[in-house]
Structures are given as C-alpha cells and as structure tokens.
Amino acid sequence: MFSRDRWDEILEALNANKFRTFLTAFGVFWGITILVLLLALTNGLKNGVTAGFGNFATNSMFVWSQQTSKPYKGLPKGRRFNFKLDDVTALKNDFPQLKYVSPRNQLGGYNGANNVVRGTKTGAFQVNGDYPEFIKQQPMDILQGRFFSYSDINANRKVCVIGTGVVKGLYDKDEPALGTYIKINGVNFMVIGTFKVSNSQGDKEEDANTIFVPFTAFSQAFNFADNVGWLALTAHDDTAITSLKPQIMETLKSRRKVHPEDDRAIGNFDLAEAFGRVNGLFSILGVVGYFVGALVLMSGIIGISNIMLIVVKERTKEIGVRRALGASPWTIKSQILQESLILTILSGMVGITFAAGVIWVFNYVLDSNGPVENFANPSVSMSVVFTALIILVVSGLLAGLIPANSATKMKPVDALRIE
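In short, a report on the structure. Predicted, not measured: the structure shown is a model, and the values here were computed from it.

What follows is about unusual backbone geometry. Phi at asparagine 185 takes a positive value of approximately 50°, unusual for a residue other than glycine. Tracing the backbone shows asparagine 185 in the loop between strand S9 (181–184) and strand S10 (187–196). Although it is not a glycine, lysine 257 adopts a positive phi angle of roughly 55°. For lysine 257, the location among the structural elements is in the loop between helix H9 (241–255) and strand S14 (266–270).

With that settled, consider the pairing of strand S3 (residues 98–108). Two faces belong to every sheet, and in a regular strand the side chains alternate between them. In terms of residue burial, S3 counts as a mostly covered element, since 8 of its 11 residues are buried. Judged from the 6 bridges that link them, S3 and strand S13 (residues 230–235) form a sheet pairing that is antiparallel. Of the residues in S13, the one forming a bridge with arginine 104 is tryptophan 230. Inspection of the sheet shows S3 paired to strand S6 (residues 126–130) by 4 bridges, in the antiparallel sense. Within the sheet, the bridge partner assigned to asparagine 105 lies in S6 and is glycine 129.

Let us look at the environment of leucine 39. As for its position among the elements, leucine 39 is in helix H2 (residues 18–51). Classification of leucine 39 by relative accessible area gives buried; the value is 8%. Separated by 250 residues in the primary sequence, leucine 39 and glycine 289 have C-alpha atoms spaced 5.8 Å apart. Ignoring any residue separated from it by four or fewer positions in sequence, one finds leucine 39 in contact with Gly286, Gly289, Tyr290, Ser379, Val380 and Val384.

Conventions adopted
- Residues numbered from 1 in each chain as written.
- Predicted model: local features only at pLDDT ≥ 70, side-chain atom pairs only at ≥ 80, totals over all residues.
- Heavy atoms only, no water.
- Helix = DSSP H or I, 4+ residues; strand = E, 2+ residues; numbered from the N terminus.
- Buried < 20%, exposed > 50% of the residue type's maximum accessible area, 1.4 Å probe, protein only.
- Pairing = 2+ DSSP bridges.
- Contact = heavy atoms within 4.5 Å.

Function-wise, these values are silent; they only describe arrangement.
Right, dumping it as structure tokens:
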C-alpha cells in the first residue's frame, strides 16, 4: 500500500486509457450521487412533514365532543353535549400518567367575521381560552411581555397574548402593543405579551392571527360557564398516550352518559399515533432510497469489474513476466484489488462531494425563496457519509475480486505465450 513503485504502476494503468477510466469511474460517481441525493431528499421531505406537526408535544392527543349516534340511559340519539371542567379534574385524578390536561374554548376563527377591535382597526382572529400549561404542550416564542399564569386564571384577569399577525393588523409599525387594550366581541382585554409559533409550516399565518386569553376570563366574558370545547392531553415520556386512549375514552363516555359502544360521540386525534405512522413511512422510504441507490451503484461496480477484466486480459504478458520473475500470486492479486479500490473510492468521493454541493444549492434556494410546505432542510448525516464510504470500500474490493482471481489463475508459461 505504501510502495511508491506500486502507486506509479496504478497511476500508469489508470492513465493508459483515460476515456475508458473516466466512463468506468462515472458509473460509480453517478451511483453514489443518486444514493446520497435520494437520502437527502427523503430527509427533507421527512423534516417538512414533521414540521407540519409544529412544536406540539408529540406524545399528545386531542379530544372533543360531537353528536351521539346511539340512545343511552333514556337520552336520545343525536344528542349534543359538552365536556365540563370537572371532567378535566377527573382525568387528572384518574390518570397520573398524564402530564398535562389542558381544556380549551375557542371563539371566532381566522378568515371569519371581524371579532376584534382596536380604535378604528378591526380584524378577524381566532381567540383561544387556555390554561398556562398549554405553552408547554405547544411551545411558542414570546417576543415581548409574558404568557399568562395561574394568578391570571385564579383572578379571572382579562389579559391576552397576541400573535404577530394580530400586531400587524391592529397596530401601526413600531407602535408598542404591551399595556394596550383590544376589544374582543365587545369585551376589553389588556395585551400582556406577543408571540410567534416557530416551525408551524402551512398553519403559519393562522397561528400568527391567534389570540390567547386565560380560560376562566374567556368563560366569564363570553358566557361559556364550565363548558369545555376540547381537551389537549399529553402523557409523560415513559407512557404512550395511545395506550391510555381506550381508558380515557371510556371515562369520558361514562361521565357524559354516552353509550360505551358509541364511537361517533367523542372525536379524537392521536398525534402520537400519526407521528409514529409518519416516522414509519419515512423509515421505509429511507430503506427504498438505500435500495435504489445501491442498485444504481451496483451497475457502476459491475462496470469497474468488467473493465478490470479487460485490463487483466491486456496485461496478461506483463503478469506472466512478473510471475516468472518470482512475484507471488498475492502480489498480483493485491495490485489488481488496489487498482479497483482506488478507482472506486476516488470516483465515489467525487460523487459524495458533488451530491453535497447539490444539497447546498437546494438549501440555499429554500432559504432564499422561503419555506416550502412539507419540505425543509434536505440533508444527510455523517453516518450516511460513513456508510457510503464503507459501501465504496466493499464495492471496490468486490469489483476487483474476480479480475484478481483471474490474474492469479494464469500460469506464467501460458501468460508468456500470449501475443
């Protein structure tokens, strides 16, 4: 490996027919490029779809009341009902595995009718009545001021935290928002903070046009009493929320007098289950990426093996002379393997470098033109690069193995006879 004469022989062999060497190397270059790019694009798609979940705690589920589809205990089919605050207390007491149980009520909606007024400016914004722990379930960046606390909950303070879209819609440029009042459905609320939700992807504009107020002040101001619109439930990390779902649904049905087999009365969305399916899908796509890339790379490796067989055929007399002068079979075999390995690794490294450049261009375009829905930050980890290098080394050895064995099987006398 460290013999200068050996390296001179390898370079001379590779330079003997440069165009043939180039075409041979291009197969490996293209194969490893396709492999890395496929994995990078799969990762970019995964990042984009995962970002669609926002920063919300993934071990969570949402539950809301709907319409009953079966009569039960004298109550008719088609009955509408609401969860109550005592349901929240019951869930906290019955399920210690739950980290957060956050009730929410909602008013208005983005792109709906104007429901918020400040001075002469009006806007249609989504207004959420929440508890302080909701910010731990869906982290957000507080740009100014603070999020509301339990002291605001207990005192029924009419305060609010507004998104950047609300600030833009109701305030002049550089006008301070903290300490000012906005009127929500005719009720004054004081602004105590502004926020933005990072990584919200397709819901970015809707999130920016959201107002958070304390749950108790919301219920009092808009006559919701102890009704709860829906619940956000997050389990501790050592418990999967999906495993708790049947018991949670059973408890809520029992408390709201819903038939145990009525699956339409209570709606739910299991974020953990959805997140698991997405991860499973992209794990499969990753395997497919490796498989397709490996097939393309294999075609290049076969090309190298064929060319090395031709090279061995062309150098038959040279091999015979070397064998006659005392060169061992391993010496001949190691040189053929080394030539194949060098050609494979060099072309493969150029392919990895080229793929890295293409990935950089992708990210530069994405950064320049703004985020694309369901696609973000295409990249590969260093483990993928090391895996590619291992594939190249193994492929190079395999590509040279058949030609090397062919060279060593030749008898020196027979080799010298060939013209």
